[in-house]
Amino acid sequence: MNRTTLDALKAFPDQLEAHYAAIPDGFTHWAPPSWEGVPSEALTALEQVCHVRDIEIEGYHVRFHRTLNEDHPTLVSIDTDALVRERAYGTADAAAALAAFRAARAGTVALIAGLTPGQFDRTAVFEGYGPLTLRSLVHYLCSHDQQHLAGLQWLLGKIDAARAPARG
């Protein structure tokens, strides 16, 4: 696995925490009037943190293990909107969600760092992505991370615009 991707995966917990901390007080549950143009799922700042935690644990951990231990499995996508509702993301404790994510990501990085070249070449099919290798899956996880940093930056832009004085 290339060093750039591994370094990005390792750095992401700190980046996620910093981006979440940049959300102004009173805006962690805020949603814009329109989600048009959002580069991630249409989730509030707190919902994004919970989503990243759950996708790491119930999405990517499961996908990695299935790809390593099964012969060409089909990997399912997770219904984000259902998780938001079922788990009441809006009532979650952000510090606990960030801590759980940080621990889960440490496990992900340890797993990836210990893989052999042959393990990275194992194949699967991922709903919505098609055929892939385990190496591909690592890149998709890194891409998912970047989408959520972009989503938080997008929210910051919308928050700033909503707080700006009206011009006539």
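First, a word on what this report is: a plain description of the structure on this page. (Residues numbered from 1 in each chain as written. Predicted model: local features only at pLDDT ≥ 70, side-chain atom pairs only at ≥ 80, totals over all residues. Heavy atoms only, no water.)

1. With respect to the overall build of the protein chain
Tallying secondary structure elements over the protein chain gives six helices and three strands in all. The C-alpha extent of the protein chain, read off along each of the three principal axes, is 60 × 30 × 25 Å. Evaluated residue by residue, the protein chain yields a buried proportion of 43% over its 168 residues. Residue pairs at least 24 apart in sequence account for 76% of intrachain contacts in the protein chain once pairs closer than 6 positions are excluded. Of the roughly 8400 Å² that the protein chain leaves accessible, carbon and sulfur atoms contribute 53%. Here the protein chain holds 14 positive side-chain charges and 20 negative ones, and the gap between their average locations is 4 Å. (Helix = DSSP H or I, 4+ residues; strand = E, 2+ residues; numbered from the N terminus. Buried < 20%, exposed > 50% of the residue type's maximum accessible area, 1.4 Å probe, protein only. Contact = heavy atoms within 4.5 Å. Areas by Shrake-Rupley, 256 points an atom, 1.4 Å probe, with all protein chains shown as cover. Lys, Arg positive; Asp, Glu negative; His and termini not counted. Charge placed at Lys NZ, Arg CZ, Asp CG, Glu CD.)

2. Thoughts on the packing of aromatic side chains
Inspection of every chain in the model, using the stated rule, returns six aromatic pairs. Measuring from ring centre to ring centre gives 5.6 Å for Trp35 and Trp154, while their planes differ by 20°; the resulting arrangement is stacked. Of this pair, Trp35 sits in the loop between helix 1 (3–21) and helix 2 (45–69) while Trp154 is found in helix 6 (residues 134–163), placing the two residues 119 residues apart along the sequence. The exposure class of Trp35 is partly exposed, given its relative accessible area of 23%. Accessibility expressed as a relative area gives 16% for Trp154, which makes it buried. One aromatic cluster is present, built from ring pairs that chain together Phe126, Tyr129 and Tyr140. Above the ring of Tyr60, the side-chain terminus of Arg63 is found at 4.8 Å from the ring centroid. (Phe/Tyr/Trp six-rings, centres within 6.5 Å; stacked < 30°, edge-to-face > 60°. Lys NZ or Arg CZ within 6 Å of the ring centre and 35° of its normal.)

3. Quick notes on the environment of Thr67
Tracing the backbone shows Thr67 in helix 2. In the structure, Thr67 is positioned 66 residues away from Thr133 in sequence and 8.2 Å away in space, judged by C-alpha atoms. Not counting chain neighbours up to four residues away, the residues in contact with Thr67 comprise Pro73, Leu75, Arg122, Thr123, Ala124, Leu134 and Leu137. At 2.8 Å, the side chain of Thr67 and the backbone oxygen of Arg63 are in polar contact. (Polar contact = N/O pair within 3.5 Å; in protein donor to acceptor, adjacent residues only side chain to side chain.)

4. A look at the pairing of strand 2 (residues 123–126)
Across the two faces of strand 2 the burial differs, with Ala124 and Phe126 buried and Thr123 and Val125 not buried at all. Here two bridges tie strand 1 (residues 74–75) to strand 2, and the two strands are oriented parallel to one another. Note that in strand 2 the partner of Leu75 across the bridge is Phe126. (Pairing = 2+ DSSP bridges.)

5. Comments concerning helix 4 (residues 94–113)
Over its 20 residues, helix 4 runs 28 Å from end to end, which matches the ideal 28 Å to within 8%, given 1.5 Å per residue. Those residues of helix 4 not exposed but buried are Ala94, Ala97, Leu98, Phe101, Ala104, Arg105, Thr108, Val109 and Ile112. All buried residues of helix 4 lie within an arc of 145° about the axis, which places them on one face of the element. Seen from the buried face of helix 4, the exposed residues on the opposite side, beyond 90 degrees, are Ala95, Ala103 and Ala110. Check the buried side of helix 4 and you find it contacts helix 1, helix 2, helix 5 (117–120) and helix 6. (Expected span 1.5 Å × (residues − 1). Arc of directions from axis to C-beta.)

6. Some words on the sheet that holds strand 3 (residues 130–133)
Pairing in this open sheet of three strands is mixed, and the strands run 1-2-3 from one edge to the other. Single-partner strands in this sheet number two, and they are strand 1 and strand 3. Relative to strand 3, strand 2 runs antiparallel, the two sharing four bridges. What sits directly across from Ala124, in strand 3, is Leu132. Those strands touched by helix 6 are strand 1, strand 2 and strand 3, and its axis lies near 100° from that of strand 3. (Axes fitted to C-alpha atoms, helices over the stretch in contact; angles between N-to-C directions.)

These figures capture arrangement, not role.
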